[in-house]
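Tertiary structure, described
Okay, here's what each chain looks like letter by letter:
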Amino acid sequence: TNRERFHIKTTSNATCAACHQRINPLGLAFSNYNSFGMYQESETIFAENGDHIESYTTVDAEVDLSDIPGRGARANNGVELSRMVAEQTSTRACSARKFSRYALGRSVDSEQDACKLEKLYDTLDNSRSLMDTVRTSALELEVRLKRASN
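Residues numbered from 1 in each chain as written. Predicted model: local features only at pLDDT ≥ 70, side-chain atom pairs only at ≥ 80, totals over all residues. Heavy atoms only, no water.

**Observations concerning the overall build of the protein chain**
- Each helix and strand counted, the protein chain has seven helices and four strands in total.
- Its helices and strands taken in sequence order, the protein chain reads α-α-β-β-β-β-α-α-α-α-α from the N to the C terminus.
- Relative to a compact globule of 150 residues, whose C-alpha radius of gyration would be 15 Å, the protein chain shows 21 Å and is clearly more extended.
- Its C-alpha atoms give the protein chain principal-axis dimensions of roughly 60 × 35 × 30 Å.
- Taken over 150 residues, the protein chain has a buried fraction of 24%.
- Once local pairs closer than 6 in sequence are excluded, the contacts in the protein chain between residues at least 24 apart make up 39%. (Helix = DSSP H or I, 4+ residues; strand = E, 2+ residues; numbered from the N terminus. Rg over C-alpha atoms; globule rule 2.2 N^0.38 Å. Buried < 20%, exposed > 50% of the residue type's maximum accessible area, 1.4 Å probe, protein only. Contact = heavy atoms within 4.5 Å.)

Dropping the structure here:
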């Protein structure tokens, strides 16, 4: 399967395996989507030389996240993994910081920007809406007065 080939290719070298044992599950959870982003429930199994189709098999998108620090869970697919990530407090905190950095066009200082970060975090935590987050950010005086730089 694609999963087996990918596993062999990314973990046969110890240098590569050190990172890939942690990052592979994140990608493999989305195995139900082909290279064009179309949902698929089965995948084609090619002959070793790649010449012809051997058979078809059900896509395995289940992943074990126990190698990712602080997780220790399983996800059945990309949608479930996405929900798990979205529910993490750290995801919302990181998103608020990154969004602030983009909107302000500068580095974000935890003390100086505490109020802005708190508003964005609360918006993300309460509504979980990107549109609400953009609105909250756009209403900040510093963002409204920011000049475009060349």
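That shown, we press on.
**Describing the pairing of strand E1 (residues 42-46)**
- Burial along E1 is one-sided: Glu43 and Ile45 are buried, and none of Ser42, Thr44 and Phe46, which face the opposite way, are.
- Relative to strand E2 (residues 53-58), E1 is paired through five bridges, and the arrangement is antiparallel. Considered in E2, the bridge of serine 42 is made with threonine 58.
- From the end of E1 to the start of E2, which pair antiparallel, there are six residues, and glycine 50 there has a positive phi angle of about 80°. (Pairing = 2+ DSSP bridges.)

**What to know about the packing of aromatic side chains**
- Counting across every chain of the model gives one aromatic pair.
- On the basis of an interplanar angle of 75° and a centroid distance of 5.6 Å, the ring pair of tyrosine 33 and tyrosine 39 is categorised as edge-to-face.
- Looking at tyrosine 33, the relative accessible area reads 33%, which means it is partly exposed. (Phe/Tyr/Trp six-rings, centres within 6.5 Å; stacked < 30°, edge-to-face > 60°.)

**What to know about the pattern of salt bridges**
- Under the counting rule described, the total for this entry stands at six salt bridges.
- For arginine 3, the salt bridge is made with aspartate 60, and the minimal N-O distance between the two is 3.8 Å. With arginine 3 in helix H1 (residues 2-11) and aspartate 60 in the loop between E2 and strand E3 (63-64), the pair connects residues that are 57 residues apart, well separated along the chain.
- Judged by relative accessible area, arginine 3 falls into the partly exposed class, the value being 23%.
- Between arginine 106 and aspartate 113 there is a salt bridge, and its shortest N-O distance comes to 2.8 Å.
- The class of arginine 106 is partly exposed, set by a relative accessible area of 23%.
- Overall, the relative accessible area of 1% leaves aspartate 113 in the buried class.
- Sharing partners across several salt bridges, the network here consists of Glu62, Asp64 and Arg74. (Salt bridge = Lys/Arg side-chain N within 4 Å of Asp/Glu carboxyl O.)

**Considerations on the packing of helix H4 (residues 89-104) against helix H5 (residues 114-126)**
- Packing of H4 against H5 leaves a shortest axis separation of 9 Å and a crossing angle of 125°. With respect to each other, H4 and H5 are oriented oblique. Two packed elements cross with a definite hand, and for H4 against H5 that hand is right-handed. In this structure, H4 contributes Thr89, Arg92, Ala93, Ser95, Ala96, Arg97, Phe99, Ser100 and Leu104 to the contact, and H5 contributes Lys116, Leu117, Leu120, Tyr121, Leu124 and Asp125.
- The residue inventory of the contact of H4 with H5, partitioned by class, reads eight nonpolar, three polar and four charged. (Axes fitted to C-alpha atoms, helices over the stretch in contact; angles between N-to-C directions. Parallel < 35°, antiparallel > 145°, perpendicular 65-115°, else oblique. Left-handed = near helix turned anticlockwise from the far one by under 90°. Nonpolar A, V, L, I, M, F, W, Y, C, P; charged D, E, K, R; others polar.)

**Description of the state of the cysteines**
- Counting across every chain of the model gives zero disulfides.
- Of the cysteine sulfurs around cysteine 94, a residue in no disulfide, the closest is that of cysteine 19, at 19 Å. (Disulfide = S-S within 2.5 Å.)

**Let's talk about helix H2 (residues 14-28)**
- In this model H2 runs 20 Å from its N-terminal to its C-terminal C-alpha over 15 residues, within 8% of the 21 Å that 1.5 Å per residue would give.
- Along H2, the helix axis deviates most sharply at histidine 20, where the bend reaches about 50°.
- Contacts from the buried residues of H2 go to H1 and E3.
- The N-capping residue of H2, defined by a side-chain oxygen 2.7 Å from the backbone nitrogen of threonine 15, is asparagine 13. (Expected span 1.5 Å × (residues − 1). Bend = angle between axes of the 7 residues up to and from the residue. Polar contact = N/O pair within 3.5 Å; in protein donor to acceptor, adjacent residues only side chain to side chain.)

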